[in-house]
Amino acid sequence: MNNTTQIKKNYRFIKVQKLVIVSILIGFLAAFLGVILKNTTEYYEEIFFHQTVVNPIFLVIFPVFGLSIIYFLREYLFKKKENKGIKEVFESTNSNSKNLPSYKIPSHFINGFLTVVFGGSTGIEVSTVVASATIGSVAQRKQNVFRQYKTELICAGVAAGITALFSSPIAGLLFSLEVISRKVTRAFVLTNLIAVSIAFGLIYLLDEKPLFAVHNMIWHLRAIPYFVLLGIIAGINSVYLTRCVLFFKEQFSKIKVPYFKIIFGSVILSVSLFVFPQLYGEGYHAIKTIFINPNGMVLSVSMVLTFIGILVLKPIVTSATLASGGDGGVFAPSLFIGAFLGLLLALILNTYFNANIIPLNFIIIGMAAVLSASIHAPFTALFLVCGLTNDYTLFLPILVVCLISKYTAKMIYPFTVYTYSPSLVK
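Residues numbered from 1 in each chain as written. Predicted model: local features only at pLDDT ≥ 70, side-chain atom pairs only at ≥ 80, totals over all residues. Heavy atoms only, no water.

- As annotated in an unreviewed UniProt entry, the protein is Chloride channel protein, CIC family from Flavobacterium sinopsychrotolerans.
- Its UniProt record, at the heading Subcellular location (unreviewed entry), says of the protein: "Membrane". (UniProt positions renumbered as here; feature names shortened; annotations may be inferred.)

Have a look at this one:
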């Protein structure tokens with residue numbers, strides 16, 4: 001009896017050892033992939049965007065060229081294998097038989113990069129999530145002892161990838177929990193904590209800086225009613241984004257000739273970019289410009305029209321990008337929409353209602369609010385935006401507004417682009 005007990009203990013110890021080792025490996029590889037994709041995309045996106053400023057004709061050439069290259073890569077290099085984004089991750093974690101094939105690592109890496117660099121109005125976050133999830137999926141197939149931890153190891157890859165992109169290990173953990181796993185096990189805690197620790201250690205060694213580093217030291221209680229208003233409007237805007245993406249995907253799926261999809265999507269993208277260059281790629285370059293001195297901005301009619309145009313068109317161009325073959329998701333578009341929505345609301349309140357609120361706060365909270373409502377993950381959005389700005393001063397108002405925006409969106413429309421399925425609405 002004692003021998004049997006000792007054998008079981010030894011087996012559990014060896015299994016834990018192997019889980020620790022594989023979690024370290026997953027954390028490093030997923031984070032390394034995320035860092036490379038983020039920095040490479042940011043570097044070349046800046047170069048290509050500058051070319052469109054110098055020669056606007058590239059606004060016509062880049063979208064159709066980028067989408068065409070992605071189409072031919074999928075057709076001939078990846079053998080017509082489909083990409084469903086995060087839905088593939090859900091399908092894999094919810095099924096014992098479905099796995100994420102290894103080709104999805106280069107597929108999403110390359111296609112995500114090409115989409116954004118050539119002006120596709122989305123981001124690399126979903127590309128990184130699926131590619132890093134695949135790292136975890138491949139790892140769990142290597143030994144029989146890992147088979148029962150399929151979801152945990154996939155989540156470890158996802159958590160490490162998100163940590164690398166947004167410099168926030170807590171956001172990585174919460175995204176894996178709120179969006180992918182939705183349950184906590186001891187194996188989940190072990191594998192994901194190790195993976196995000198390795199990922200955070202890597203970005204620390206590489207001296208990765210926060211994307212929007214700000215120094216915000218104050219917020220006022222009198223702004224709470226306006227924060228609530230922002231949460232409600234952000235929830236409504238997120239539903240508009242979700243419905244746009246679903247509508248465009250449905251309409252484009254009716255087009256049987258693939259290259260017609262590329263042409264239609266490119267026309268929408270090119271015209272929109274010509275009118276509002278801020279919509280190019282991830283749009284982080286545009287967010288950085290409004291972070292420069294938002295508290296000193298003076299509202300004008302042209303500014304209002306520009307902001308409204310951006311807020312109306314961003315979901316449309318994002319949807320056209322994805323429906324015509326681009327690789328990406330709603331992370332970056334949600335942050336973009338939230339930043340411009342928050343600033344516009346703050347300027348309107350200050351100009352016409354003497355609210356005396358701080359526009360910078362509304363930019364930051366708006367980013368978190370729209371993201372929270374778009375993916376139904378308020379705690380992920382909270383820590384992700386705090387990580388992006390490297391500032392936790394607004395922790396409490398962001399938390400409140402994220403919850404308001406999420407439940408506002410759910411009341412209007414219960415699905416996200418990740419959870420929607422035609423069978424659910426029949």
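Picking up after the structure, the text goes on.
1. Side note on the overall build of the protein
Turning to step 1, where the next piece is worked out: Counting its secondary structure elements, the protein contains 16 helices and zero strands.
Turning to step 2, where the next piece is worked out: By residue count, 57% of the 426 residues in the protein fall in the buried class.
Turning to step 3, where the next piece is worked out: In the protein, 82% of the contacts between residues at least 6 apart in sequence involve partners at least 24 apart.
Turning to step 4, where the next piece is worked out: Within the structure as shown, the protein displays about 18,500 Å² of accessible surface, and the carbon and sulfur contribution to it stands at 66%.
Turning to step 5, where the next piece is worked out: Of the side chains in the protein, 33 bear a positive and 16 a negative charge, and the two mean positions are spaced by 12 Å. (Helix = DSSP H or I, 4+ residues; strand = E, 2+ residues; numbered from the N terminus. Buried < 20%, exposed > 50% of the residue type's maximum accessible area, 1.4 Å probe, protein only. Contact = heavy atoms within 4.5 Å. Areas by Shrake-Rupley, 256 points an atom, 1.4 Å probe, with all protein chains shown as cover. Lys, Arg positive; Asp, Glu negative; His and termini not counted. Charge placed at Lys NZ, Arg CZ, Asp CG, Glu CD.)

2. What to know about the pattern of salt bridges
Turning to step 1, where the next piece is worked out: Summed over all chains, the structure comprises five salt bridges.
Turning to step 2, where the next piece is worked out: For the salt bridge of aspartate 327 with arginine 74, the shortest nitrogen-to-oxygen distance reads 3.4 Å. Remark: arginine 74 occurs in helix 2 (residues 58–77) and aspartate 327 occurs in the loop between helix 12 (301–323) and helix 13 (331–353); sequence separation between them is 253 residues.
Turning to step 3, where the next piece is worked out: Residue arginine 74 is classed as buried on the basis of its relative accessible area of 16%.
Turning to step 4, where the next piece is worked out: The salt bridge partner of glutamate 88 is lysine 104, with a shortest N-O separation of 2.3 Å. One end of the pair, glutamate 88, is in helix 3 (residues 86–93); the other, lysine 104, is in helix 4 (residues 104–117), with 16 residues separating them in the sequence. Taken individually, glutamate 88 and lysine 104 each receive the classification buried, so the pair is uniform in this respect. (Salt bridge = Lys/Arg side-chain N within 4 Å of Asp/Glu carboxyl O.)

3. Considerations on the domain arrangement of the protein
Turning to step 1, where the next piece is worked out: In terms of domain boundaries, the protein breaks down into domain 1 (3–206) and domain 2 (221–412).
Turning to step 2, where the next piece is worked out: With 43 residues of domain 1 at the contact, the number on the domain 2 side is 42 residues.
Turning to step 3, where the next piece is worked out: For the pairing of domain 1 and domain 2, the buried interface totals around 3,400 Å² over both sides, and the portion due to carbon and sulfur atoms is 63%.
Turning to step 4, where the next piece is worked out: When the buried area of domain 1 at its contact with domain 2 is split by residue, Leu67, Ser121 and Phe166 rank highest and sum to 20% of it. (Domains from an automatic or database assignment. Buried area = accessible area lost by both parts, 1.4 Å probe.)

4. Points about a nonpolar patch on the surface
Turning to step 1, where the next piece is worked out: On the surface, Phe72, Tyr76, Val257, Tyr259, Phe260, Ile263, Phe264, Val267, Val271, Phe274 and Val275 cluster together into a nonpolar patch covering about 1,100 Å² of accessible area.
Turning to step 2, where the next piece is worked out: For the nonpolar patch, the elements supplying multiple residues, two or more each, are helix 2 and helix 10 (258–275).
Turning to step 3, where the next piece is worked out: Considering every element that reaches the nonpolar patch, the biggest residue donor is helix 10, with eight residues.
Turning to step 4, where the next piece is worked out: In this fold, valine 257 is placed in the loop between helix 9 (224–252) and helix 10. (Patch = residues over 30% accessible without salt bridge, like charges linked within 9 Å, V, L, I, M, F, W, Y side chains within 5 Å.)

5. What to know about the environment of asparagine 96
Turning to step 1, where the next piece is worked out: By the secondary structure assignment, asparagine 96 is in the loop between helix 3 and helix 4.
Turning to step 2, where the next piece is worked out: For asparagine 96 and glycine 119, which are 23 residues apart along the polypeptide, the C-alpha to C-alpha distance reads 38 Å.

6. Things to note about the packing of aromatic side chains
Turning to step 1, where the next piece is worked out: Counting across every chain of the model gives 25 aromatic pairs.
Turning to step 2, where the next piece is worked out: When the ring of tyrosine 44 is compared with that of phenylalanine 113, the centres are 6.0 Å apart and the planes differ by 90°; the resulting orientation is edge-to-face. Of this pair, tyrosine 44 sits in helix 1 (residues 2–54) while phenylalanine 113 sits in helix 4, and the two are 69 residues apart along the sequence.
Turning to step 3, where the next piece is worked out: Between phenylalanine 62 and phenylalanine 118, the aromatic rings sit 5.7 Å apart at their centres with planes inclined by 70°, giving edge-to-face as the arrangement. With phenylalanine 62 in helix 2 and phenylalanine 118 in the loop between helix 4 and helix 5 (125–140), this residue pair connects regions lying 56 residues apart in the sequence. For the pair phenylalanine 62 and phenylalanine 118, one class covers both residues: buried. (Phe/Tyr/Trp six-rings, centres within 6.5 Å; stacked < 30°, edge-to-face > 60°.)

7. With respect to helix 3
Turning to step 1, where the next piece is worked out: The buried fraction of helix 3 amounts to six of the eight residues, a majority that puts the element mostly inside the structure.
Turning to step 2, where the next piece is worked out: Every buried residue belonging to helix 3 is among Ile86, Glu88, Val89, Phe90, Ser92 and Thr93, and all of these are buried.
Turning to step 3, where the next piece is worked out: Those residues of helix 3 that are buried are in contact with helix 4, helix 5, helix 6 (150–166) and helix 7 (169–181).

8. Structural notes on helix 7
Turning to step 1, where the next piece is worked out: The complete set of buried residues in helix 7 reads Ala171, Gly172, Leu174, Phe175, Ser176, Glu178, Val179, Ile180 and Ser181.
Turning to step 2, where the next piece is worked out: Two residues or fewer after helix 7 comes arginine 182, characterised by a positive phi angle close to 65°.

9. Topic: the layout of surface pockets
Turning to step 1, where the next piece is worked out: Reported here for the second largest pocket is a volume of approximately 440 Å³.
Turning to step 2, where the next piece is worked out: Of all the elements in the fold, those that place two or more residues in the lining of the second largest pocket are helix 1, helix 6, helix 11 (284–290) and helix 15 (378–389).
Turning to step 3, where the next piece is worked out: If one sorts the elements of the lining of the second largest pocket by residue count, helix 1 sits on top with seven residues.
Turning to step 4, where the next piece is worked out: Its residues placed into classes, the lining of the second largest pocket shows eight nonpolar, five polar and nine charged.
Turning to step 5, where the next piece is worked out: The residues that make up the lining of the second largest pocket include at least three from each of domain 1 (3–206) and domain 2 (221–412). (1 Å grid on protein atoms, 1.4 Å probe; cavity = no way out; pocket = protein on both sides within 12 Å on 5 of 7 lines; lining within 4 Å. Points joined across faces, edges and corners; volume = space filled by probe spheres on them. Nonpolar A, V, L, I, M, F, W, Y, C, P; charged D, E, K, R; others polar.)

10. Some thoughts on the packing of helix 9 against helix 14 (residues 359–375)
Turning to step 1, where the next piece is worked out: Between helix 9 and helix 14, the least distance of the axes is 8 Å, while the angle of their chain directions is 45°. For the element pair helix 9 / helix 14, the angle class is oblique. For the pair helix 9 and helix 14, the sense of crossing is right-handed. Across the interface between the two elements, Tyr226, Phe227, Leu230, Ala234, Gly235, Ser238, Leu241 and Thr242 of helix 9 pack against Phe362, Ile365, Gly366, Ala369, Val370, Ala373 and Ser374 of helix 14.
Turning to step 2, where the next piece is worked out: A class-by-class count of the residues in the contact of helix 9 with helix 14 yields ten nonpolar, five polar and no charged. (Axes fitted to C-alpha atoms, helices over the stretch in contact; angles between N-to-C directions. Parallel < 35°, antiparallel > 145°, perpendicular 65-115°, else oblique. Left-handed = near helix turned anticlockwise from the far one by under 90°.)

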